[in-house]
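Residues per chain are reported as follows:
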Amino acid sequence: MTVHVVTLFPGFFRGPLDEGILGRAVTEGRVRVDLVDLRPFGEGRHRVTDDYPFGGGAGMVMKPGPVVDAIEHVRRADADTRVVLLTPQGRPFCQEVAREFAGAGSLTLVCGRYEGFDERIRAFCDDEVSVGDYVLMGGEAAAWVVIEATARLIPGVLGDAASPEDESLSAGLLEYPQYTRPREFRGLRVPDVLLSGHHGEIAAWRRRQAVIRTARRRPDLLERADLSGEERELARRVLRGETVDEG
Ligand code: SAM
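Quantities reported herein were computed from a predicted structural model and do not represent experimental measurements.

Turning our eyes to something else, we now look at the pattern of salt bridges. Under the criterion given, the structure shown has 23 salt bridges. For R82, the salt bridge is made with E100, and the minimal N-O distance between the two is 2.6 Å. Of this pair, R82 sits in strand β5 (residues 82–92) while E100 sits in helix α4 (residues 95–102), and the two are 18 residues apart along the sequence. Classification of R82 by relative accessible area gives partly exposed; the value is 22%. For E100, a relative accessible area of 32% corresponds to the partly exposed category. In this structure, R216 engages E246 in a salt bridge whose closest nitrogen and oxygen atoms are separated by 2.7 Å. With a gap of 30 residues between them, R216 in helix α8 (residues 199–217) and E246 in the segment after α9 (229–239) connect regions that are remote in the sequence. What emerges from the salt-bridge pattern is a single network uniting E233, R236, R237, R240 and E242.

Taken as a whole, the protein chain is organised into domain 1 (2–151) and domain 2 (167–239). The gap between the C-alpha centroids of domain 1 and domain 2 is 36 Å.

What follows is about the layout of surface pockets. Roughly 440 Å³ of internal volume is contained in the largest pocket. As for the largest pocket, its lining consists of 23 residues, of which L86, T87, P88, G116 and V135 are closest to the centre. Where the lining of the largest pocket is concerned, the elements lending two or more residues are β5, β7 (127–130) and α5 (139–151). Counting residues per element, the lining of the largest pocket draws most heavily on β5, at four residues. Per-class residue counts for the lining of the largest pocket are eleven nonpolar, eight polar and four charged.

Rules used in this analysis
Sequence order as written defines residue numbering, which begins from 1 separately in each chain. With pLDDT at 70 or above as the cut-off, local features in this predicted model cover only qualifying residues; side-chain atom pairs require 80 or more to be listed or tallied, and sums for whole chains, interfaces and linings still use all residues. Side-chain descriptors were evaluated using all non-hydrogen atoms of the structure, hydrogens and water having been removed beforehand. Definition used for salt bridges: Asp or Glu carboxyl oxygen within 4 Å of a side-chain nitrogen of Lys or Arg. Numbering of helices and strands starts at the N terminus; helices are DSSP runs of H or I of at least 4 residues and strands are runs of E of at least 2. Three labels apply to residues, based on accessible area from a 1.4 Å probe with only protein chains included: buried if under 20% of the type maximum, exposed if over 50%, partly exposed otherwise in between. Here the bounds of each domain stem from an automatic or database domain assignment. Here a cavity means grid points, on a 1 Å grid over the protein atoms only, where a 1.4 Å probe fits yet cannot get out; a pocket means an open set of points with protein on both sides within 12 Å along at least five of seven lines; lining residues are those with an atom within 4 Å of a point. Grid points are joined across faces, edges and corners, and a volume is the space filled by probe spheres set on the points. Ten residue types, Ala, Val, Leu, Ile, Met, Phe, Trp, Tyr, Cys and Pro, are classed as nonpolar, four, Asp, Glu, Lys and Arg, as charged, and the remainder, Gly among them, as polar.

Spelled out as structure tokens, the structure:
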């Protein structure tokens, strides 16, 4: 997949792009990250990209001309790219949206700075996402979140192809508790079932734990989770504060 990033700070991405799993995915050509420096699209001798808000108010606003020129520059080279504005006003970015983006083939992430974008820029984008209900100083950290969450869903990027299916949120539930060696750590023991070698019982325990954990920590996720009648009843009991069999 290709990710174009329109940004005033391309240097933000350079270190992380050389590191870890994503660095390998880039080297192997599974993910291509094209950093599009917004500055050369700026206006006048000083390549200005921001200006005072009409109507007054604090801070500067990103001018439409440079941002739209940069978007059109990308679209000329990659007509099918999906242009996504990063903004706290966008639809919430979540695992489902990451999956949607991973299937898109090409994304263009547009990073804002200052007090955000001139409203007319929105007309030139296909989508808007927010990485959370807080305000960052710029879109670069948000773009990085989108790149990481999306790229790891592309086949071959993670070594173990099964792991994205298992983990938190992929089935609408949080992941079950994980343990590794030693079997006992400072008096805390690994649940016996995980040492039993009985795959059916382990899978059932993990599923039950995922339901219990989600009900306790993120009950908001339950409504859309794919649960059996029995699992829904288990979740309801946890929500009512009843003691349930933890297995
Ligand atoms: N005044 C803007 C508003 O209230 O919507 C916020 C501007 S913010 C200081 C500057 C830039 O950071 C935004 O244009 C956006 O690109 C990025 N940004 C900040 N918070 C974000 C979030 N939660 N999700 C995605 N992008 C965000």
